[in-house]
There are 2 protein chains.
Amino acid sequence: MTEHEGYMARALELAQEALAEGEVPVGCVIVWEDGRIVGEGRNRREAEGDALGHAELEAISMACKTLGGWRLHRAKLYVTLEPCPMCAGAILNARIPAVYYGAKDESMGSCGSVLNLFEEDFGHHPRLYGCILEEKCVQLLQDFFAKMRKK
Amino acid sequence: MTEHEGYMARALELAQEALAEGEVPVGCVIVWEDGRIVGEGRNRREAEGDALGHAELEAISMACKTLGGWRLHRAKLYVTLEPCPMCAGAILNARIPAVYYGAKDESMGSCGSVLNLFEEDFGHHPRLYGCILEEKCVQLLQDFFAKMRKK
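From a predicted model like this one, the values you see are computed outputs, not experimental measurements.

Colleague: Account for the interface of chain A and chain B, naming residues and giving values.
Modeller: Opposite the 31 residues of chain A that make contact, chain B presents 31 residues. Summed over both partners, the interface of chain A with chain B buries about 2,500 Å², with 68% contributed by carbon and sulfur atoms. Summed over the three residues of chain A that lose the most area to chain B, namely Trp70(A), Asn93(A) and Phe122(A), the buried surface amounts to 25% of that side. For the interface between chain A and chain B, the tally reads zero salt bridges. There are six residue pairs in polar contact (both at pLDDT 80 or more) connecting chain A and chain B. Per element, the largest residue contribution to the side of chain A that touches chain B is six residues, and it comes from helix α4 (residues 85-93) of chain A.

Here is the structure:
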């Protein structure tokens, strides 16, 4: 397992927690340049009834608190699902320079699927790495939607 | 003063509060279909050291709490500055159908300036109204940046 897969495996654990509570299984981990995990998050939209309850936002907010400031310019973000426009925008606002994701999101993905916010003219262009532990990330989402269809 | 200008005037009061605390002056108000203000927010990025500290996110999160759910599908959002990609994405996620803004944002604006997320293929297309009390919204921002330059 590579270093990147190791962090994605932790994001997958968080996604599992979301799945166990009936949320779309998405998990996120933010890693500082020294290798420390400084932020973690998972989807909590239904439990909290909050449109902002995405994994990346929770992880970014926690990382800002951990580090005492809003500039995460030496961090890497790992997330099991390609970020939506809100979360990709938050990554830009936090100046995160590198993003690793697992599964593509054809309906909301804003790092290459519907569009790519990191290539637009916002003055910040995070490096982007897709398909990290992709099969496991996709499987978890398929498990969730299969469960939903049975209900 | 029209109804829309009335709500924008309240958003401007919130922006003034931000200015008084040394934040970029942006304020936001969310109004339910019955005319009630269900969410308010203002920029708090520097005070909270949080990249998510934008006016719209605070207002959306408050409106979700007020209404007890993440679907703001009968709300209007008023904000003094054109939303950035994170906030425009949050508006999409919350299914807000109508957005009124004051000043354009040439560097981060994602409702027509840099791009328009509401015209992209995300399956939700909020109606968009710009230039509400535009002069006052612009003036407040100019006051802030003049103060910054003096420092």
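Colleague: Report on the pairing of strand β1 (residues 27-32) of chain A, specifying residues and quantitative values.
Modeller: All names here are of chain A. In terms of burial, β1 is largely enclosed, as six of its six residues are buried. Across five bridges, the pairing between β1 and strand β2 (residues 37-42) is antiparallel. Within β2, the residue paired with Val-31 across the bridge is Ile-37. Here β1 folds back onto β2, and the loop between the two strands holds four residues, one of which, Gly-35, carries a positive phi near 95°. Bridge analysis of β1 against strand β3 (residues 75-81) gives five bridges, and the strand direction is antiparallel. Looking at the pairing, Trp-32 lines up with Ala-75 of β3.

Colleague: Got a sec to walk through the pairing of β3(A)? Specific residues and values, please.
Modeller: In the case of a regular strand, side chains alternate between the two sheet surfaces. Within β3(A), six of the seven residues are buried, leaving the element largely enclosed by the surrounding structure. Crossover connection from β3(A) via α4(A) to parallel strand β4 (residues 98-103) of chain A: handedness right-handed.

Colleague: Summarise the relation of the copies chain A and chain B; cite the residues concerned and give the values.
Modeller: Here chain A sits on chain B after a turn of 180° about the axis and a move of 0.0 Å along it, with an RMSD of 0.0 Å. Read as a symmetry element, the transformation amounts to a two-fold axis. Measuring from the rotation axis to each C-alpha of chain A, the shortest distance belongs to Met86(A), at 2.0 Å. Most of the interface of chain A is mirrored in chain B, where 100% of its interface residues again form contacts.

Colleague: Give a detailed account of the packing of aromatic side chains, specifying residues and quantitative values.
Modeller: For the coordinates displayed, the defined rule picks out eight aromatic pairs over all chains. Considering the side-chain rings of Phe144(B) and Phe145(B), the 4.9 Å spacing of their centres and the 80° angle between planes classify their relative orientation as edge-to-face. The rings of Tyr7(A), Tyr78(A), Tyr100(A) and Tyr129(A) are connected pair by pair, giving a single aromatic cluster. Cation over ring: Arg45(A) sits above Trp70(B), and NZ or CZ is 3.7 Å from the ring centre.

Each value, and the rule that gives it
- Residues numbered from 1 in each chain as written.
- Chains lettered and ligands numbered in written order.
- Predicted model: local features only at pLDDT ≥ 70, side-chain atom pairs only at ≥ 80, totals over all residues.
- Heavy atoms only, no water.
- Contact = heavy atoms within 4.5 Å.
- Buried area = accessible area lost by both parts, 1.4 Å probe.
- Salt bridge = Lys/Arg side-chain N within 4 Å of Asp/Glu carboxyl O.
- Polar contact = N/O pair within 3.5 Å; in protein donor to acceptor, adjacent residues only side chain to side chain.
- Helix = DSSP H or I, 4+ residues; strand = E, 2+ residues; numbered from the N terminus.
- Buried < 20%, exposed > 50% of the residue type's maximum accessible area, 1.4 Å probe, protein only.
- Pairing = 2+ DSSP bridges.
- Right-handed = clockwise from strand over helix to strand, strands pointing away.
- Least-squares fit on C-alpha atoms with pLDDT ≥ 70 in both.
- Phe/Tyr/Trp six-rings, centres within 6.5 Å; stacked < 30°, edge-to-face > 60°.
- Lys NZ or Arg CZ within 6 Å of the ring centre and 35° of its normal.

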